[in-house]
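So you can see what is in the structure, the chains are spelled out below.
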Amino acid sequence: MPIEVKNVSCRYGERTPLEVEALREISFRVEDGEFVGIMGHTGCGKSTLIHLMAGLLIPGEGRILIDGKDINEPGYDREELRRTLGIVFQYPESQLFETTVEKDVAFALKHLDLSKAEKAERVRWALEAVGFRADSRSGPPEIAGKSPLALSGGEKRRVAIAGVLAAGPRILIFDEPLAGLDPSGRLEFLELAARLHSQGTTILMVSHDADALCGYADRILVLDRGRLCAEGSPEEIFRDPGRAEALHIGAGEVRRIAQVLYEKGRLQNPEITKYKVLLDEIKRMIKAGEGT
Amino acid sequence: MKKLSYVKKAILTAACIALCVVLPMAFHAIPNAGNIYCPMHMPVLLCGLVCGWPFGLLCGAAGPLLSSLFTGMPSMAYLPSMIIELAAYGLTAGLVMRFVHTKRAMADLYISLIAALLAGRIVAGASRALIFASGSYSMEAWITSYFVTALPGLLIQLILLPAIAFALEKARLIPARYPRTA
Amino acid sequence: MSFLPTGSYREGDSVLHRMDAFCKLLCTILFLAGVILSDSFPGYGLAAGCLLAVTLVSHLGPGTALRGVKRMWLFFCLILLMNTAFFETEQIWWEWWIFRFSADGFFQGLQVVLRVAMAMVLGNLLMSTTSPLELAGAMESLLYPLKLIGVPVRDVAMILGVAIQFIPTFSEEAEAIRKAQTARGARFESRKLSEKAKSVVPLVVPVFLAAFRRADELAMAMEARGYRRTKGKISKRRRHLSRRDGIGLLLCSLFGAAEIML
């Protein structure tokens, strides 16, 4: 299921004095099973890009192909798109509305041709994926019967994500999924994303959090004022911290610490963006220090 | 949750008034939605039910007014009769809710809703007919046509409003009418 | 993207644009009263003439002034037909089954149509030449006498002010929710009545929840800062009236009086 975005431009308020060019001639390709991060300053067009890929907006120019099919072609099956591509919007907990968690998670399955048992199984799987384990082997987790509106903030977010996962999308788009999460919630979410990725799901994640994207994404796209201005591995993107700054994306703490250690002569190579790699380097340094 | 304070009622009313402007816009994408769902009626009825009749009255009067100012819908010509209709909804919903206590929250809710919807429709039909069609036939015709064409809308309100009220109560944003631990 | 919808307001520099919003509102009410009270065709002629004159003065095109009127043609036809066919009178053109077509009925219907159309034009003129915020201020001034009968006008003004502030936030949230539910597979259309109601639950319930949550947060913040129910005096907004405001009011009063006489 590769996603191809070809020469896409998008404007708001066309033919009015308030015309805003949200995106300009964007082209990129996301392969199956990739984990791609999207970064950019507020108002750079990230949300517009997501809405375009989900078919919620129609581009002024250009084409968006999913699995080789143009999603804005008249004959394209929109239901198919809804099944293959799931979006977790910013603050997804605001979409909860049903009387029980179970019903809310099953909402996305309403129009699918599944038996009752299959649906229940999907709901149970989705809830387990976001960390709600069932006590018994067959029944749903305890939370399934509760009202989603009476849960805590973190639980609500997980239920909302389960509601998207239940439909079994092969492509998942996350829009600022870390906003408003505490450190443990952040880590929990990132591990969930990594787990889904390892199971073969294509993941696109929009975030301001450079450390999170660098730690998990294969590739990062940088948008600035509606243009795609950089594309590459985390190491490439943050090779020159000054350039990243100019694109209105700050390097993560990991990369900054690596830079400091490099300047002090403790590191051979400052291009470390992954937390675990930095940790290993520091451990090595400490061991070397003890040795002398 | 305790009973609502005056300030909280006032701000909830402000939110309902704002929804009177926003909901019709949100429903704009659905074809013919304005006629069927009457999206502006929901916040007004809810305001009357939750905050009481003075606030319901205010919401019913101010909601269509602000909507007309900001979005041009309803147009000025319909504004007076619309204000009368919605104010009647808010007022009746609040009053009936205050005086009916069946010990069952849902029953109270339905009784108040039905009373408010009927009262509002009659008042609106009559006022429109009086202002624009002061003829012997026109008045009756207007009221009946108003009533008949609006029937699906009435039923939809009866389904939607309890759902909204239930969700708000679950989210602890409005107090329960008969708290279990009395 | 935070914005206030401006409705039908068009910027301009005509006499109408420069008039004080409060006076313009009073004039509109007087004019509307005149239109509603008139019940003869010379009266309608006068009203139409005056409306035409005001439209010319406002520098608004006929398209702006007549907006919305065209879309109503079906409704107008229906009113005309119903009145023509059912009006109870002695003089009947011809009768068929339950229909009794009459000239009186036709004119009755025509009157209704004329009144509604003229009221719409009047509303268009007011809204196209006055910014929403000015108009809201004018409404507040108009409500001032209510204070004398015990209505807490300051609280009402506060509520209206907060409501206006809520509008852009809520509309953004509603749009986000609509998109999110669409992406989750919601369909906001259905044939059956009960299904129709249920199909909008995923939209309506979260919008209400989001709105009430915001309201709850704001109310708590206000209570924490000590906002109390008002009982004291309120300062009245001072308006600067010019000669054109006076002339406008005078003309509209004259028009109203003329309509009562005709």
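Rules used in this analysis
Residues numbered from 1 in each chain as written. Chains lettered and ligands numbered in written order. Predicted model: local features only at pLDDT ≥ 70, side-chain atom pairs only at ≥ 80, totals over all residues. Heavy atoms only, no water. Helix = DSSP H or I, 4+ residues; strand = E, 2+ residues; numbered from the N terminus. Buried < 20%, exposed > 50% of the residue type's maximum accessible area, 1.4 Å probe, protein only. Contact = heavy atoms within 4.5 Å. Axes fitted to C-alpha atoms, helices over the stretch in contact; angles between N-to-C directions. Parallel < 35°, antiparallel > 145°, perpendicular 65-115°, else oblique. Left-handed = near helix turned anticlockwise from the far one by under 90°. Nonpolar A, V, L, I, M, F, W, Y, C, P; charged D, E, K, R; others polar. Expected span 1.5 Å × (residues − 1). Buried area = accessible area lost by both parts, 1.4 Å probe. Salt bridge = Lys/Arg side-chain N within 4 Å of Asp/Glu carboxyl O. Polar contact = N/O pair within 3.5 Å; in protein donor to acceptor, adjacent residues only side chain to side chain. Pairing = 2+ DSSP bridges. Phe/Tyr/Trp six-rings, centres within 6.5 Å; stacked < 30°, edge-to-face > 60°. Lys NZ or Arg CZ within 6 Å of the ring centre and 35° of its normal. Patch = residues over 30% accessible without salt bridge, like charges linked within 9 Å, V, L, I, M, F, W, Y side chains within 5 Å. Areas by Shrake-Rupley, 256 points an atom, 1.4 Å probe, with all protein chains shown as cover. pLDDT = per-residue confidence, 0-100. Disulfide = S-S within 2.5 Å. Right-handed = clockwise from strand over helix to strand, strands pointing away.

**Quick word on the overall build of chain B**
Here is step 1: In terms of regular secondary structure, chain B is built from 7 helices and 0 strands.
Here is step 2: For chain B, the sequential pattern of α-helices and β-strands runs α-α-α-α-α-α-α.
Here is step 3: Taken over 182 residues, chain B has a buried fraction of 61%.
Here is step 4: For chain B, long-range pairs separated by at least 24 residues make up 68% of all intrachain contacts whose partners lie at least 6 apart in sequence.

**A closer look at the overall build of chain C**
Here is step 1: Broken down by element type, chain C carries 11 helices and 2 strands.
Here is step 2: Each of the 262 residues in chain C was classed as buried or not, and the buried ones make up 47%.

**A short note on the packing of helix α3 (residues 41–51) of chain B against helix α10 (residues 201–224) of chain C**
Here is step 1: The interhelical angle for the contact between α3(B) and α10(C), taken along N-to-C directions, is 50 degrees, at an axis separation of 12 Å. Considered as vectors, α3(B) and α10(C) are oriented oblique to each other. Handedness of the crossing formed by α3(B) with α10(C): right-handed. Across the interface between the two elements, B:Met42, B:Pro43 and B:Leu46 from α3(B) touch C:Val204, C:Phe208 and C:Phe212 from α10(C).
Here is step 2: Of the residues belonging to the contact of α3(B) with α10(C), the class tally is 6 nonpolar, no polar and no charged.

**Some remarks on helix α5 (residues 79–99) of chain B**
Think of an α-helix as turning once every 3.6 residues; residues three or four places apart then point the same way.
Here is step 1: Between its first and last C-alpha, α5(B) extends 30 Å over 21 residues, near the 30 Å set by a 1.5 Å rise per residue.
Here is step 2: Taking burial as the measure, the 21 residues of α5(B) include 15 buried ones, the bulk of the element.

**Quick look at the interface of chain A and chain C**
Here is step 1: At the junction of the two partners, chain A supplies 18 residues and chain C supplies 17 residues.
Here is step 2: Both faces combined, the contact of chain A with chain C buries some 1700 Å², and carbon together with sulfur accounts for 63% of it.
Here is step 3: It is A:Gln95, A:Phe97 and A:Phe107 in chain A that bury the most area against chain C; as a group they hold 30% of the surface buried on that side.
Here is step 4: The interface formed by chain A and chain C includes 1 salt bridge.
Here is step 5: Of the charged contacts, one joins C:Arg184 and A:Asp104 as a salt bridge, the two residues approaching to 2.7 Å between their closest N and O atoms.
Here is step 6: Our enumeration of links across chain A and chain C arrives at 4 residue pairs in polar contact (both at pLDDT 80 or more).

**Let's talk about unusual backbone geometry**
All names here are of chain A.
Here is step 1: If you check the backbone angles, Glu25 has positive phi at about 45 degrees while not being a glycine.
Here is step 2: Mapped onto the elements, Glu25 comes out in strand β2 (residues 20–30).
Here is step 3: Relative accessible area serves as the criterion here: at 53%, Glu25 is assigned to the exposed category.

**Structural notes on the sheet that holds strand β10 (residues 227–232) of chain A**
Residues and elements named next belong to chain A.
Here is step 1: With mixed pairing, the 6 strands of this open sheet are ordered in space as β6-β7-β8-β3-β9-β10. Each having just a single partner strand, β6 (85–88) and β10 make up the two edges of the open sheet. Averaged over neighbouring strand pairs, the angle between their axes works out to 20 degrees when direction is ignored.

**Topic: the packing of aromatic side chains**
Here is step 1: All told, the structure shown has 9 aromatic pairs over all chains when counted by the stated rule.
Here is step 2: When the centroid spacing of 5.7 Å and the interplanar angle of 70 degrees are considered together, the rings of C:Phe106 and C:Phe107 count as edge-to-face.
Here is step 3: By relative accessible area, which is 29% here, C:Phe106 ends up partly exposed.
Here is step 4: For C:Phe107, a relative accessible area of 39% translates into the label partly exposed.
Here is step 5: Measuring from centroid to centroid gives 4.7 Å for C:Phe166 and C:Phe170, while their planes differ by 15 degrees, and the two rings are stacked. In this pair, C:Phe166 and C:Phe170 are both assigned in helix α8 (residues 153–183), 4 residues apart and thus about one turn of the helix distant. The pair formed by C:Phe166 and C:Phe170 is uniform in burial state, with each residue classed as buried.
Here is step 6: An aromatic cluster is defined as three or more aromatic residues linked by ring pairs; in this entry it consists of C:Phe41, C:Tyr44, C:Phe106 and C:Phe107.
Here is step 7: Over the ring of A:Phe132 we find A:Arg158; its NZ or CZ atom is 4.3 Å from the centre of that ring.

**Description of the environment of B:Leu19**
Here is step 1: Tracing the sequence through the fold places B:Leu19 in helix α1 (residues 6–26).
Here is step 2: The class of B:Leu19 is buried, set by a relative accessible area of 0%.
Here is step 3: The spatial distance from the C-alpha of B:Leu19 to the C-alpha of B:Arg177 is 23 Å, given a sequence separation of 158 residues.
Here is step 4: Setting aside residues no more than four positions away along its own chain, B:Leu19 makes contact with B:Pro24, B:Pro43, C:Phe170, C:Val207, C:Phe208 and C:Ala211.

**So, the sheet that holds strand β5 (residues 69–70) of chain A**
All names here are of chain A.
Here is step 1: The strand order β2-β1-β4-β5 describes an open sheet built from 4 strands, whose pairing is antiparallel. One side of each edge strand has no neighbouring strand; the edge strands of this open sheet are β2 and β5.
Here is step 2: On the sheet, helix α1 (residues 46–53) packs against β1 (3–12), β2 and β4 (61–66) and is oriented at approximately 60 degrees with respect to β2.

**Focus: the pattern of salt bridges**
Here is step 1: A full pass over the atoms with the stated rule returns 22 salt bridges over all chains.
Here is step 2: Measuring nitrogen to oxygen at the nearest pair gives 2.5 Å for the salt bridge that ties A:Arg29 to A:Glu31.
Here is step 3: Look at A:Arg29 and you get partly exposed, because its relative accessible area is 37%.
Here is step 4: By relative accessible area, A:Glu31 is classed as partly exposed at 36%.
Here is step 5: Salt-bridge contacts for C:Glu175 lead to C:Lys179; the nearest nitrogen and oxygen are separated by 3.9 Å.

**Some points on a nonpolar patch on the surface**
Residues and elements named next belong to chain B.
Here is step 1: Together, Met106, Tyr110, Ile114, Leu118, Ile122 and Phe166 make up a nonpolar patch on the protein surface, roughly 500 Å² of accessible area in all.
Here is step 2: Residue contributions to the nonpolar patch peak at 5 residues, all from helix α6 (residues 105–132).
Here is step 3: Considering the arrangement of structural elements, one finds Phe166 in helix α7 (residues 136–170).

**A word on the environment of B:Ser112**
Residue and element names in this part refer to chain B.
Here is step 1: Summarising the element assignment, Ser112 is placed in helix α6.
Here is step 2: Overall, the relative accessible area of 0% leaves Ser112 in the buried class.
Here is step 3: Separated by 87 residues in the primary sequence, Ser112 and Met25 place their C-alpha atoms 27 Å from one another.
Here is step 4: Sequence-distant contacts of Ser112, that is, excluding residues within four places in its chain, are made with Leu49, Ala93, Val96 and Met97.

**What about the confidence of the model for chain C?**
Any residue range with low pLDDT should be treated as having predicted coordinates unsuitable for detailed reading.
Here is step 1: Across chain C, the average pLDDT comes to 78, with 87% of residues at or above 70.
Here is step 2: Taken as a whole, residues 1–6 of chain C scores under 50 in pLDDT and shows 14 contacts with residues more than four places along the chain or in a different chain.

**Here we look at the state of the cysteines**
Here is step 1: For the structure on display, the rule yields 0 disulfides over all chains.
Here is step 2: Sulfur of A:Cys44: no disulfide; nearest cysteine sulfur belongs to A:Cys229 and is 8.5 Å away.
Here is step 3: Summary of cysteine pairing: B:Cys51 is not part of a disulfide, and the nearest cysteine sulfur, belonging to B:Cys47, is at 4.4 Å.
Here is step 4: Overall, the relative accessible area of 5% leaves B:Cys51 in the buried class.

**Regarding α10(C)**
Here is step 1: Here α10(C) contains 24 residues, and its C-alpha end-to-end distance of 34 Å stays within 8% of the 34 Å for a straight helix at 1.5 Å per residue.
Here is step 2: Once α10(C) ends, the next one or two residues include C:Gly226, with phi positive near 85 degrees.

**Remarks on the pairing of strand β7 (residues 171–175) of chain A**
All names here are of chain A.
Here is step 1: Along β7, 5 of the 5 residues are buried, which leaves the element largely enclosed by surrounding structure.
Here is step 2: Because side chains alternate across β7, one face comprises the buried residues Ile171, Ile173 and Asp175, and the other comprises Leu172 and Phe174, equally buried.
Here is step 3: Relative to β7, β6 is paired through 4 bridges, and the arrangement is parallel. The residue bridging Leu85 from the neighbouring strand is Ile171, located in β7.
Here is step 4: By the bridge criterion, 5 bridges tie β7 to strand β8 (residues 202–206) in an arrangement that is parallel. Across the sheet, residue Ile171 finds its bridge partner in β8, namely Thr202.
Here is step 5: After leaving β7, the chain enters helix α6 (residues 183–198) and then returns to the sheet as β8, a path that is right-handed.

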